[in-house]
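So you can see what is in the structure, the chains are spelled out below.
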Amino acid sequence: MKASFAALFASTLLVAGCSSDGSSPRANGGNSAGGDSATAGESAGGNSSSAGASGGQTLGGSSSGGMSNPSAGSGGSSTVSGGSAGTSTGGTLGMAGNGVMGTANAPSITITEFPIPAPADNKASNPGAIAAGPDGNLWFNHQSTAPNAIQNVSPTGTFSSYFKTSTTNTGPIAVCAGPDGNVYYTKQGGIGRAMPNGTVNEYGVPSGDSGGIVNGPDGKLWFTEPIKNKIGNMTTAQQFKEFTLPTASSGPQAITVGPDMNLWFTEAASAGNKIGKITTAGVVSEYPIPTPAATPQSITTGPDGNLWFTEFDGHKIGKITPAGVITEYLMPSVANPGSIAAGKDGNLWFTENGTNNAIARITPAGSIAEYAIPSAAADPNGLTAGPDGNIWFTELSTNKIARVSNLAGGGMLKSSPSTGGDDAPLTDGKTCVNDTDCVDSGKACGGDVCSYKVTPHVCVLATTADPGWCASDDKCWCKSEGATCDLTKHACSSTTHGE
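The residue count restarts for each chain, going from 1 along the sequence in the order it is written. Totals for whole chains, interfaces and linings use every residue, but because this is a predicted model, local features are given only for residues with pLDDT of at least 70 and side-chain atom pairs only at 80 or more, for both listing and counting. Water and hydrogen atoms play no part in the side-chain values, which are based on all heavy atoms of the structure.

**Looking at the overall build of the protein chain**
Rules: Numbering of helices and strands runs from the N terminus; a helix is a DSSP stretch of H or I covering at least four residues, while a strand is a stretch of E covering at least two. Each residue's exposure class comes from its accessible area (1.4 Å probe, protein chains only) as a fraction of the maximum for that residue type: buried when under 20%, exposed when over 50%, partly exposed otherwise. Contact criterion: two residues are considered in contact whenever any of their non-hydrogen atoms come within 4.5 Å of each other. Throughout, the Shrake-Rupley method with a 1.4 Å probe supplies accessible areas, and for residues the shown protein chains are the sole cover considered.
Assigned secondary structure in the protein chain consists of 1 helix and 41 strands. Split into buried and exposed, the 499 residues of the protein chain put 59% on the buried side. Sequence separation of 24 or more characterises 56% of the internal contacts of the protein chain that already satisfy a separation of 6 or more. Summing over all exposed atoms, the protein chain offers an accessible surface of approximately 16,400 Å²; the carbon and sulfur share of this is 52%.

**What about the confidence of the model for the protein chain?**
The cut-off we apply is this: Within a predicted model, pLDDT stands for the predictor's per-residue confidence, ranging from 0 to 100.
Per-residue confidence for the protein chain gives a mean pLDDT of 77, with 70% of residues at or over 70. Predicted confidence for residues 1-17 stays below pLDDT 50, and this span has 84 contacts to residues more than four positions away or in other chains.

**Remarks on the environment of Arg-361**
By secondary structure assignment, the location of Arg-361 is in strand β33 (residues 358-362). Classification of Arg-361 as buried rests on a relative accessible area of 0%. As a C-alpha pair, Arg-361 and Trp-349 span 12 residues in sequence and 4.5 Å in three-dimensional space.

**Observations concerning the sheet that holds strand β10 (residues 110-115)**
Rules: A pair of strands is labelled paired if DSSP reports no fewer than 2 bridges between them. Fitting a line to C-alpha atoms yields each axis, with helices limited to the stretch in contact; the angle taken between N-to-C directions then spans 0 to 180 degrees.
Strand order in the open sheet formed by 4 strands is β10-β37-β36-β35, and the pairing between neighbours is antiparallel. Only two strands of the sheet have a single partner each, and these edge strands are β10 and β35 (380-385). The average undirected angle you get between the axes of adjacent strands in this sheet is 20°.

**As for the nonpolar core**
Within soluble globular proteins, side chains that are nonpolar generally end up buried alongside one another. Our working rule: Definition of nonpolar core: a set of buried residues of the types Ala, Val, Leu, Ile, Met, Phe, Trp, Tyr and Cys, connected through side-chain atoms within 4.5 Å.
Membership of the largest hydrophobic core comes to 17 residues, with the highest contact counts inside it found for Ile-109, Ile-111, Trp-349, Ile-359, Tyr-371, Phe-393 and Val-404. If you list the elements that add at least two residues to this core, you get β34 (368-372), β36 (391-395) and β37 (400-405).

**Notes on the sheet that holds strand β22 (residues 240-244)**
Read from one edge to the other, the open sheet built from 4 strands follows the order β19-β20-β21-β22, with strand pairing classed as antiparallel. Strands with a single pairing partner mark the edges of an open sheet, and in this sheet they are β19 (213-215) and β22. Pairs of neighbouring strands in the sheet enclose a mean axial angle of 20°, with direction left out of account.

**Overview of the environment of Trp-469**
Structurally, Trp-469 can be placed in the loop between β39 (459-461) and β40 (485-486). When the C-alpha atoms of Trp-469 and Lys-489 are compared, they prove to be 8.3 Å apart, with 20 residues separating the residues in sequence.

**Quick look at unusual backbone geometry**
Across the chain, the bulk of peptide bonds are trans and the bulk of non-glycine residues have phi less than zero. Of note, the phi angle at Gln-238 is positive, near 65°, even though the residue is not glycine. With respect to the helices and strands, Gln-238 occurs in the loop between β21 (230-234) and β22. Classification of Gln-238 by relative accessible area gives partly exposed; the value is 25%. Positive phi, normally seen in glycine, also occurs at Asn-406, with a value near 55°. On the basis of relative accessibility, which here comes to 34%, the residue Asn-406 falls in the partly exposed class.

**A closer look at the state of the cysteines**
Quick reminder of the rule: Criterion for a disulfide: a pair of cysteine sulfur atoms within 2.5 Å.
Within the structure shown, the criterion is met by 3 disulfides. Across the disulfide, Cys-470 is cross-linked to Cys-485 (sulfur-sulfur distance 2.1 Å). One quick way to see it: the torsion about the S-S bond of Cys-470 and Cys-485 is about 95°, and its sign makes the bridge right-handed. Residue Cys-470 is located in the loop between β39 and β40, and its partner Cys-485 is located in strand β40; the two are separated by 15 residues in the primary sequence.

**As for the pairing of strand β28 (residues 307-311)**
A large share of β28 lies buried, amounting to 5 of its 5 residues. Here β28 shows no split at all, with Leu-307, Phe-309 and Glu-311 on one side and Trp-308 and Thr-310 on the other all buried. In the sheet, strand β27 (residues 296-301) pairs with β28 via 4 bridges, with the strands oriented antiparallel. Opposite Thr-300, over in β28, you have Trp-308 as the bridge partner. Here β27 folds back onto β28, and the loop between the two strands holds 5 residues, one of which, Gly-305, carries a positive phi near 85°. The turn joining β28 and strand β29 (residues 316-320), which pair antiparallel and follow one another in sequence, is formed by 4 residues; a positive phi near 55° is taken by His-315.

**A word on the pattern of salt bridges**
Put simply, the rule is: Here, a salt bridge means any side-chain nitrogen of Lys or Arg that lies within 4 Å of a carboxyl oxygen of Asp or Glu.
Evaluated as defined, the whole model comprises 4 salt bridges. For Glu-202, the salt bridge goes to Lys-187, with nearest N and O atoms at 3.6 Å. Here Glu-202, found in strand β18 (residues 200-204), pairs with Lys-187, found in strand β16 (residues 183-187); they are 15 residues apart in sequence, far enough to count as distant. Summarising the burial analysis for this pair, Glu-202 and Lys-187 share the class buried. In this structure, the salt-bridge partner of Lys-274 is Glu-286, at a minimum N-O distance of 3.8 Å. Of the two residues, Lys-274 is situated in strand β25 (residues 274-278) and Glu-286 in strand β26 (residues 284-288); the sequence distance between them amounts to 12 residues. The residues Lys-274 and Glu-286 share a single accessibility class, namely buried.

**Digging into the packing of aromatic side chains**
Let me state the cut-off plainly: Only Phe, Tyr and Trp rings take part, Trp by its six-membered ring, and two of them pair if their centres are within 6.5 Å. Stacked means planes under 30 degrees apart, edge-to-face means over 60, and tilted covers everything else.
Applying the stated criterion across every chain, the model contains 9 aromatic pairs. An angle of 80° between the planes, with centres 6.2 Å apart, marks the rings of Phe-223 and Phe-240 as edge-to-face. Placement of Phe-223 in strand β20 (residues 221-225) and of Phe-240 in strand β22 is noted, with a sequence separation of 17 residues between them. On the numbers, 5.8 Å between centres and 15° between planes, the contact of Trp-264 with Tyr-287 is stacked. Placement of the pair is Trp-264 in strand β24 (residues 263-267) and Tyr-287 in strand β26, with a sequence separation of 23 residues. Summarising the burial analysis for this pair, Trp-264 and Tyr-287 share the class buried.

Structure representation (structure tokens):
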């Protein structure tokens, strides 16, 4: 499925704990009234939830990639000040790797879905962006123009009232926690602020455009301007500054804070197809994506000190180092990856909307597994890591908020069979010393073990009855469930969940 840039905002983009729903910011004008306020709307509380469904066999998806080959080029950056236009070009280009295709057995997870209580007019809310708020709740946008609101849900599934936004006929786009204990969101032409007491204020952006948003390392709110081709920032006192990007019509979309304390963003339009970086002083660098017309969408900082992004039309997950070297990992299916976020399990989680209708996981080593969402045609949209350590996402077409728990295994929903069969080798003969060297299992109880029976030792499935090999309790996948290492046999007392 191909998506034009005009249609791209129909899919979600995530921005480092903040996300954008997919409402298309087509109109120019800043019709958000500066400082106009509104209070909370109709009540829609409740504690509604439904159990996540069980899946099929524990079988992971394929992964590809390998190390990238940096080509010539350097980050040609130029300093800008006072919000003037940036003129930098270039950046180090990372060529796509030709990694060996392999299968990945992922831990079983649990998906729990919480139906959003219907508003007074019973219209569908079409939940889009979602982010962890400063109050310990999950805040999300109602993409539809009715109820034209934002709302929050607690980690236990209790929904707040609807917080009506000031400007009508345009649903919120992106949302994030602010530096002042409030929640900020973007709307067509403006930035909104929602206080925990339900008071909402909206402020017009000078150029009348806003997209993704994130709480920056300098205490400002940084946002993209997809139509005006700029990156902007706003203080909590509503002072704005804007920076024009060097590549014309690049379509900046998602934005996040990188491990280097710079702002990183995707350039989703065909004229862009790059990953961009801007310092807090306004220095811009751009890095072309090796795959043409990849439509980079969401971006987040990973647990490995790199940035990870989705390629909606490239059907890949990309990784870029702070130095600008890009590696790409091919999806095992024809899925269009959307929002992405880092989980507490040390992996990256992302949405697959459309026919795949799944949530997927990629390890820092590049192994991908996919999980079917219990509700059919859910259209997963925004995704974020929650304050409870779980992954949360919105279901645009079923009007639900869903929670992914048991990230480390022991859940009720198994990964989908994409390639290979039951007991397929996980790591293509990867050599190992201990069970925990076998990273393709997702670092979860009951995945790969380091074979005791094969010399040289290689990773195999725990279900092969191979006892594995360990040198200490810390080398047992199931240590969290009480497994210990027998130092005589050099085998863990248990290698699968529930033993």
